[in-house]
Structure formats: C-alpha cells, structure tokens
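One-letter residues, chain by chain:
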Amino acid sequence: MSDPFQDVDAAGAEFISAFADSMDERQSDPIMEKIVSRYLGKLEFAEGSLTIEVGCGAGAVTRRVAEKANPERVIGFEPSVGFVQEARTRVSDHENVEFEVAAGASLPLEDGSVDNLIMHTVLTHVEDPVPLLTEAVRVIKSGGRLILCDADFSKASLGNLPNDPLDACAKIFVKEFVTDPYAVAKLKKLASDAGFKVEDFNFQSRSVLDNDQMLPWVEETGKVLMKRGEIGGELHNGLVAEYRRRAKEGTLYGYQVFATLIARRP
Ligand SMILES: C[S@@+](CC[C@H](N)C(=O)[O-])C[C@H]1O[C@@H](n2cnc3c(N)ncnc32)[C@H](O)[C@@H]1O
C-alpha cells in the first residue's frame, strides 16, 4: 500500500476525520508548540505580507501561523478537498486566514508574491520533493523565508522492551503511512540545490507519555493489517488496549525527533 497522505481523499472520510483530530492534538502538544513558535519567531510579518502553509492538512499549524501573523494574510494550501473542508470548519475565530485546494508543485500564486512559505510534515509524504522546492523558489520573494519542518520517522519509536509489539506497530505505521522516513537527512541539500540560503537547521526531540497523540500509530496500523487479513480484531483491540494501559499507568514512551530548516531566498 502507498502512503495515504499522498492522496488523502482516496483514503476516505474516516481517515480524514481521524487524522484531522490527530494533527490538532499534535499541534496542542507543548513541544510541538515550542517547535512551531521557534520557527515563527524567526519570520517577519511586515504590513501587507503573505505567509502560506503548503500541505496544511486540516489547518492545525495554519491556525497557529494566523495567530502570529495577525492581521497579515495567511493562506493554507492543501491538495485534499476533504482536509480543506475540515480546515474551513475548524477556523472560526481567525479572520486573516483562508484555505485553498492546491498541490505544492502548482500553487495559484504570482512569482515572488510570498514572504514566508512553510511546509510542516509534508516532504516525508511526497515521492519527489524537488518540484515543491522549485515552486517554493518561484513564489517566494527575494529576502523571503522558507521553513521545512519534518519528523525524522526513521528514528521514531514506541518501544519499552526488545521486540515490543507497540514498537512493531510504530515501525509498520512508518512503512504504511510515510513515503520517505529519511527525508530530513536531505532537507539541507534540497533547499540549497533549489537556490535557498540555509540559515538554521535545528533538532528537537519529543516524547509522547500520557495521551493519544501516537494512538493512530497503533489503531490505524491495526486497521490496515486487519483489512488485509493479517491480524484479527482481538489483536487489534489488544494493541489499542495496551497503548491505553501504558498511557494510564505512566509507562507509555513514544519518541520522535523533529528537524526544522530555515532558509532565505536570495
Ligand atoms: C501529515 S499531513 C500534515 C498536515 C499539516 N501540515 C499539519 O502538520 O497539521 C501531510 C499533508 O501533506 C499533504 N500533501 C501530500 N502531498 C502533497 C503535495 N504534493 N503538495 C502539497 N501537500 C501535499 C497531505 O495531503 C497532508 O495534508
């Protein structure tokens, strides 16, 4: 199966709703807030400026960007019609933000019209990131900034012990739901080759200890395996129950590393 984030609408309404909630929850995490506020702190939101998020999903990050940029304009672009519909319903109290259906390699924007362009956990889900970077360099104005923030999925874990069944779910999740788990290793070269000047490349680890933020790594993985007839409902329910048991008892230990690249268009 290919990564469903490559074509979210084809993955169906249940997937869209589950991951819209999950990305909102991820964005409410204090470490994720630290990551986002750090990169937003490096951006300028001058009067009349335009900031865009490419691959905005249901808008969890875009809403945070809109808060910071307010009253300047923010647009979230997203190829999934279903996610754009979710984004529009979740954005009630922000007047400076809009959402449009568009893929990252063909943005409906003039050359040099964007001050800040953000891609947050997008490049790990595309087969070929080069066209997205080529489009970014086209739309960003001279002196404008590019933010690439992504998880290093190759190092993500849910393991407390050798051959931990929850860690096996995490590894299968990465295989089924991520296109390039090693994308962060390539970010600096990708940005430089596209013509950006890299100003900062930073890492932040993040643990998930007592909440549902990595539950889709078990629950959605289990659904894929059940659909293929590879596991039964009892095992699926048992894995989800084990995640919840650990979260309740204080032994859940999810681990992820996020990389953020900040670059300027000369
Ligand atoms: C894990 S979600 C992240 C959503 C959002 N940035 C967030 O962090 O809440 C990955 C997003 O990338 C989008 N995506 C996949 N391929 C894309 C492409 N070629 N251009 C733009 N977005 C793309 C997916 O539709 C999905 O919404």
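So, a few notes on the structure that sits alongside this text. Predicted, not measured: the structure shown is a model, and the values here were computed from it.

### Points about the packing of aromatic side chains
Okay, so step 1: Under the defined criterion, the tally for this structure stands at 10 aromatic pairs.
Okay, so step 2: Judged by centre distance (6.4 Å) and plane angle (20 degrees), the ring pair of Tyr253 and Tyr255 falls under stacked.
Okay, so step 3: When its relative accessible area of 28% is taken as the criterion, Tyr255 is described as partly exposed.
Okay, so step 4: Grouping aromatic residues by their ring pairs yields a cluster made of Phe5, Phe15, Phe19, Phe153, Phe173, Phe177 and Trp217.

### Thoughts on the pattern of salt bridges
Okay, so step 1: By the definition in use, this model includes 28 salt bridges.
Okay, so step 2: When the shortest N-O distance is used, the salt bridge between Arg73 and Glu98 registers 3.1 Å. Residue Arg73 is located in strand E2 (residues 73–78), and its partner Glu98 is located in strand E3 (residues 97–101); the two are separated by 25 residues in the primary sequence.
Okay, so step 3: In this structure, the salt-bridge partner of Arg245 is Glu249, at a minimum N-O distance of 2.7 Å.

### Concerning the pairing of E3
Okay, so step 1: With five bridges joining them, E2 and E3 adopt parallel strand pairing. Directly across from Ile75, in E3, lies its bridge partner Glu98.
Okay, so step 2: In this region the chain leaves E2, passes through helix H5 (residues 81–89) and returns to the parallel neighbour E3; the handedness of that crossover is right-handed.

The rules we used
- Residues numbered from 1 in each chain as written.
- Predicted model: local features only at pLDDT ≥ 70, side-chain atom pairs only at ≥ 80, totals over all residues.
- Heavy atoms only, no water.
- Phe/Tyr/Trp six-rings, centres within 6.5 Å; stacked < 30°, edge-to-face > 60°.
- Buried < 20%, exposed > 50% of the residue type's maximum accessible area, 1.4 Å probe, protein only.
- Salt bridge = Lys/Arg side-chain N within 4 Å of Asp/Glu carboxyl O.
- Helix = DSSP H or I, 4+ residues; strand = E, 2+ residues; numbered from the N terminus.
- Pairing = 2+ DSSP bridges.
- Right-handed = clockwise from strand over helix to strand, strands pointing away.

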